[in-house]
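# Chain and residue survey
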Amino acid sequence: MTEFKDDADSLVKLLIRDDVRAMSAYHVQDAAGLIKLDAMENPYPWPGDLSDWQQILGGVQVNRYPDSRADQLVERVREVMDIPARYQVLPGNGSDEIIQLLIQAVAGNSVQVVVPEPSFVMYRVLADINRVPFQGVPLLPDFQLDVPAVLETFKAQQSSLVFLACPNNPTGICYSEADMRQIIEACPGLVVVDEAYIAFTERDALPLLDEYPNLLVMRTLSKVGLAGLRIGMLIGDPRWVREIDKLRLPYNVNALSQRAVEVALRHYQQLDGQARQVRQDRELLLRELQSLPLDQVWPSQANFILVRTDAGRAGEVFDGLRARGVLIKCLDGAHPLLRDCLRITVGSPDENASLLQNLRALL
Ligand SMILES: *Cc1c(COP(=O)(O)O)cnc(C)c1O
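First, a word on scope: everything that follows refers to the structure included in this document. (Residues numbered from 1 in each chain as written. Predicted model: local features only at pLDDT ≥ 70, side-chain atom pairs only at ≥ 80, totals over all residues. Heavy atoms only, no water.)

So, on to the overall build of the protein. Each helix and strand counted, the protein has 13 helices and 13 strands in total. Taken over the C-alpha atoms alone, the protein extends approximately 65 × 55 × 55 Å along its principal axes. Here the protein holds 363 residues, and the buried ones make up 50% of them. In the protein, once contacts between residues fewer than 6 apart in sequence are set aside, the share between residues at least 24 apart is 71%. Counting only carbon and sulfur atoms, one obtains 51% of the accessible surface of the protein, whose full area is about 17,300 Å². One finds the centroid of the 36 positive side-chain charges in the protein at a distance of 2 Å from the centroid of its 48 negative side-chain charges. (Helix = DSSP H or I, 4+ residues; strand = E, 2+ residues; numbered from the N terminus. Buried < 20%, exposed > 50% of the residue type's maximum accessible area, 1.4 Å probe, protein only. Contact = heavy atoms within 4.5 Å. Areas by Shrake-Rupley, 256 points an atom, 1.4 Å probe, with all protein chains shown as cover. Lys, Arg positive; Asp, Glu negative; His and termini not counted. Charge placed at Lys NZ, Arg CZ, Asp CG, Glu CD.)

Bringing the site of the ligand into the picture now. Close contacts around the ligand come from 14 residues, with D194, Y197, T220, S222 and K223 the closest. For the ligand, a nitrogen atom lies 2.6 Å from a polar atom in the side chain of D194. Within the side chain of Y197, an N or O atom sits 2.6 Å from an oxygen atom of the ligand. Here the shell around the ligand is composed, by residue class, of 5 nonpolar, 5 polar and 4 charged. (Near = heavy atom within 4 Å. Polar contact = N/O pair within 3.5 Å; in protein donor to acceptor, adjacent residues only side chain to side chain. Nonpolar A, V, L, I, M, F, W, Y, C, P; charged D, E, K, R; others polar.)

Here the focus is unusual backbone geometry. Between E117 and P118 the backbone carries a cis peptide bond, its omega angle lying at 10°. In this structure, P118 sits in the loop between β3 (111-117) and α6 (122-129). Geometrically, the link from C166 to P167 is a cis peptide bond, its omega value of -5° lying close to zero. Among the structural elements, P167 can be located in the loop between β5 (159-165) and α8 (177-186).

Read across the sheet, 7 strands follow the order β2-β8-β7-β6-β5-β3-β4 without closing on themselves; strand pairing throughout is mixed. Every interior strand has two partners, whereas the edge strands, β2 (88-92) and β4 (134-138), have only one. Across the sheet, the mean angle separating the axes of adjacent strands is 20° when strand polarity is ignored. The strands that helix α4 (residues 71-81) touches are β2, β7 (215-220) and β8 (232-236); relative to β2, the one it contacts most, it runs at about 115°. Strand contacts of helix α9 (residues 238-245): β2, β6 (189-194), β7 and β8, with the helix running at about 25° to β2, the strand carrying the most contacts. (Pairing = 2+ DSSP bridges. Axes fitted to C-alpha atoms, helices over the stretch in contact; angles between N-to-C directions.)

Residues of α8 that are buried: D179, M180, I183 and I184. Projected down its long axis, α8 shows its buried positions confined to an angular sector of 135°, all on one face. Taken together, the buried residues of α8 touch α7 (147-153), β5, β6 and β7. (Arc of directions from axis to C-beta.)

We now examine the pattern of salt bridges. Summed over the entire model, instances satisfying the criterion amount to 27 salt bridges. Ionic pairing is found between D319 and R322, a salt bridge with its closest N-O pair at 3.4 Å. Separated by 3 residues within a single helix, D319 and R322 lie in helix α12 (residues 314-323), roughly one turn from each other. Between R339 and D340 there is a salt bridge, and its shortest N-O distance comes to 3.3 Å. You can call R339 partly exposed: its relative accessible area is 47%. What makes D340 buried here is its relative accessible area of 5%. Salt bridges linked by common partners bring R17, D19 and R131 together as one network. (Salt bridge = Lys/Arg side-chain N within 4 Å of Asp/Glu carboxyl O.)

The following block contains the structure:
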């Protein structure tokens, strides 16, 4: 046995890339038994009833491969999101997969990935995995875009793939539209606006698609109540989208998810109503958090709120909340601009009340 183990070690070393062996796997916090305010999920359950699941299960032939293009799912998404027919919609296994496909499509082609940071970590993770040069450009202290600094990075490579999350995660802030336009206009390459939090803001980059040939939009159903189904999408000019589509695995969205989304989106009004409720509760939670002895609380256009504790206390507050049964996200150390920061997902009114009560006791 020992011999076999040694063999495996040396074979792993021989076969697996050094950078992969040096990586750690994406860590998801254990949430068992905790009030879950760490991952921007919708706190409300499926808006339909059991008969939906009878329809879903009854309508799926699991012995057959799913629809490779997920046509019906795409049609329903087009309807509820009002996506014009002139744009192609590419379904992904979450928008994480779409990010991966976009980066794979440019890997090895004198293209760098440019991301104003702090932002969603998967852009960097997937650039690293695909060995695409990555340039993180620090945001300004108010978390708006440092446009000159972004434009400066464009000189480093022939071409750039820029990800702008708007509203941004983990800041909850929308970039100024004028700044975004400057970057799109100056970018020698492609800009992807990631609208994962579109349900919680009035901003919408879809109308910009007609103005800019180097722009694509990404959306997801994860933050509006369907995170478990893993459905994201890329939207834009077919001349871009059909190239990205070639890299997609043939059956990337499984049959149960496809069918479940079709049924779930019949309840779109309710999902939309839940998002509206979360927006309202976000404003209540914001005011309550602003009344606590925190160093800073940022207004948010997403379903979470970023706060800064007094210097050096973020870890202790995070641990204290977890010990009291509330899980949030500690971002201290994730980026220099996130020093002492915690990110709190807006939950149900009861969950928010519990968070506040425990936070009050800890601060
Ligand atoms: C949550 C999140 C995603 C990931 O969405 P999935 O569709 O669940 O993969 C993408 N972008 C941003 C900015 C996010 O916060």
